Amino acid sequence: ETGVTQSPTHLIKTRGQQVTLRCSSQSGHNTVSWYQQALGQGPQFIFQYYREEENGRGNFPPRFSGLQFPNYSSELNVNALELDDSALYLCASSPGGQGAPGANVLTFGAGSRLTVL
Amino acid sequence: AQKVTQAQTEISVVEKEDVTLDCVYETRDTTYYLFWYKQPPSGELVFLIRRNSFDEQNEISGRYSWNFQKSTSSFNFTITASQVVDSAVYFCALSESFQGAQKLVFGQGTRLTINP
């Protein structure tokens, strides 16, 4: 069973640029969530995608956007990068739509570490 | 609002000692789920346990045990006979149904260092 894979693992951008991060979900999972983890902090929910639609968004500005594809893989796009966007971006997949709400175990990837200079 | 507090930022013990990581949560939901995840230096969050709010039985898995007390809104994690490989950052998380999505609210994490 293949886990969650993310790319790239590390990248460096300058302020004002745009970045795209990619995530392949675990086999059999149809829901993808994205989290931002600043240094020394716990992960913060950005948004979740189910059946190619965003179905929940945390407290992040519109310059954070995403996509989910028919094969359930996903992209996170961040426009107009700011210094505070420097963080580890974690993708997580889950079965979604099954079982009790809130019960799903999220399987996380190793993350993409973004540095904005 | 949902909130998870892990008051211990860092813990350092010598191998074979027992160590307990504290987690306190706040929620208005009557049904909720609590999780513990481990984050090794490689970065990915590794699932350890999920607990339903209706199930207050303590759970033991090898050297790991969890104590869930609804009365004090706590979900503490104990490692018995710690090993160097247990060194990692540990996160407690509360699951919230949010705008139709499942959202995990994480604590700030406890960095555990096991010294040989």
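Residues numbered from 1 in each chain as written. Chains lettered and ligands numbered in written order. Predicted model: local features only at pLDDT ≥ 70, side-chain atom pairs only at ≥ 80, totals over all residues. Heavy atoms only, no water.

**What about the nonpolar core?**
Soluble globular proteins tend to pack their nonpolar side chains together in the buried interior.
No. 1: Judged by nonpolar contacts, the single largest core of 24 residues is most densely connected at Trp-36, Phe-75, Phe-77 and Tyr-90 of chain B.
No. 2: Elements represented by at least two residues in this core include exactly β2 (10–14), β3 (19–21), β5 (33–39), β8 (64–69), β9 (74–79), β10 (88–98) and β12 (110–115) of chain B.
No. 3: With 4 residues, β10 of chain B is the single largest residue contributor to this core.
No. 4: When neighbours within four sequence positions are excluded, Tyr-90 of chain B is seen to be in contact with Gln-6, Leu-21, Trp-36, Tyr-37, Lys-38, Leu-48, Tyr-64, Phe-77, Ile-79, Gly-109, Thr-110 and Leu-112 of chain B.
No. 5: Ile-46, Phe-64, Leu-81 and Ala-87 of chain A belong to the second-largest nonpolar core, a separate cluster that totals 20 residues. (Core = buried A, V, L, I, M, F, W, Y, C linked by side-chain atoms within 4.5 Å. Buried < 20%, exposed > 50% of the residue type's maximum accessible area, 1.4 Å probe, protein only. Helix = DSSP H or I, 4+ residues; strand = E, 2+ residues; numbered from the N terminus. Contact = heavy atoms within 4.5 Å.)

**What to know about the interface of chain B and chain A**
No. 1: At the interface, 23 residues of chain B touch 25 residues of chain A.
No. 2: Across the interface of chain B and chain A, roughly 1,900 Å² is buried in total on both sides, 52% from carbon and sulfur atoms.
No. 3: The interface formed by chain B and chain A contains 0 salt bridges.
No. 4: Seen at the junction of chain B and chain A, the total is 6 residue pairs in polar contact (both at pLDDT 80 or more).
No. 5: For the side of chain B that touches chain A, the secondary structure elements donating two or more residues are β5, β6 (46–52), β10 and β11 (101–106) of chain B.
No. 6: With 5 residues, β11 of chain B is the single largest residue contributor to the side of chain B that touches chain A.
No. 7: Residue composition of the side of chain B that touches chain A, grouped by class: 10 nonpolar, 10 polar and 3 charged. (Buried area = accessible area lost by both parts, 1.4 Å probe. Salt bridge = Lys/Arg side-chain N within 4 Å of Asp/Glu carboxyl O. Polar contact = N/O pair within 3.5 Å; in protein donor to acceptor, adjacent residues only side chain to side chain. Nonpolar A, V, L, I, M, F, W, Y, C, P; charged D, E, K, R; others polar.)

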